[in-house]
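As a plain string of letters, each chain reads:
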Amino acid sequence: MTTEQPSRLNPANALTLLRIVLVPVFAWMLLSHPDDLWWRLASTAVFGLAIATDALDGRIARKYNLITDFGKLWDSIADKALTGMAFIGLSIVGELPWWITALVLAREWGITWMRVAMLKYGVMAANAGGKLKTVLQSIALLLFLPGLPLMPSWLQWIAWFAMALAVAVTLITAVPYVREALALRQAGRAAAGQS
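Residues numbered from 1 in each chain as written. Predicted model: local features only at pLDDT ≥ 70, side-chain atom pairs only at ≥ 80, totals over all residues. Heavy atoms only, no water.

Undergrad: Where do I start with the pattern of salt bridges in this structure?
TA: Pairing between side chains of opposite charge can happen when their charged atoms approach one another. For the structure on display, the rule yields seven salt bridges. One salt bridge connects R19 with D54, and the closest N-O pair in it is separated by 3.6 Å. Taken together, the residues span a long stretch of sequence, with R19 in helix α1 (residues 11-32) and D54 in helix α2 (residues 37-63) at a distance of 35 residues. Neither residue differs from the other here; R19 and D54 are each classed as buried. Where salt bridges share partners, they join R19, D54, D57, D75 and D79 into one cluster. (Salt bridge = Lys/Arg side-chain N within 4 Å of Asp/Glu carboxyl O. Helix = DSSP H or I, 4+ residues; strand = E, 2+ residues; numbered from the N terminus. Buried < 20%, exposed > 50% of the residue type's maximum accessible area, 1.4 Å probe, protein only.)

What follows is the structure, given as structure tokens:
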């Protein structure tokens, strides 16, 4: 017996879509005026607003029983599009080394590709490690986005510490997703009699 899911047209999924729509707005604001303090602060505010919808959409989905397979998958994709654009943008303007961006994006999009590939066996929702990773990335990016060269040196040290922690957690939290995917695949094949 399967339980019917709520409609995809719900407030939680609308917030996820809003986050996706804000990605190009944020990118334009960051890249069009990278040396202007007010534009940097405005782009940081747009990023902050967009990333805040991540916590809000999940809370609404759980409180009002609006959890859908669409939301489970696209919420994660929206997060990765937003944070990925922030990492890429900071590397384009020369404030974050490209190797950091490459490491983070390889992990993020590798896990996303794996989750999409596993859809034939089941939906892999974000776990606690993935949520912690997103929070740490968001904090680090919010510290970097106003413009690292424009900050006092003590705040730059805090920003770099936050970024190092975010990158470490990003890499470490990939392991449980790989384990879950392998278990899901094995269970799916066993259920289909293909083991």
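Undergrad: I would appreciate a short explanation of helix α6 (residues 153-172) in the present structure.
TA: Helical geometry note: an α-helix holds 3.6 residues per turn, so side chains three or four residues apart project in the same direction. Under the 1.5 Å per step criterion, the end-to-end length of α6 is 29 Å for 20 residues, consistent within 8% with the ideal 28 Å. For α6, the set of buried residues is A159, A162, M163, A166, V167, V169 and T170. Projection of α6 onto a plane perpendicular to its axis shows the buried side chains occupying an angular sector of 165 degrees, all on one side. Exposed residues lying more than 90 degrees from the buried face of α6 are S153, W154, W157, F161 and I172. The inward-facing, buried residues of α6 contact α3 (69-92), α4 (98-117), α5 (128-144) and α7 (174-191). (Expected span 1.5 Å × (residues − 1). Arc of directions from axis to C-beta. Contact = heavy atoms within 4.5 Å.)

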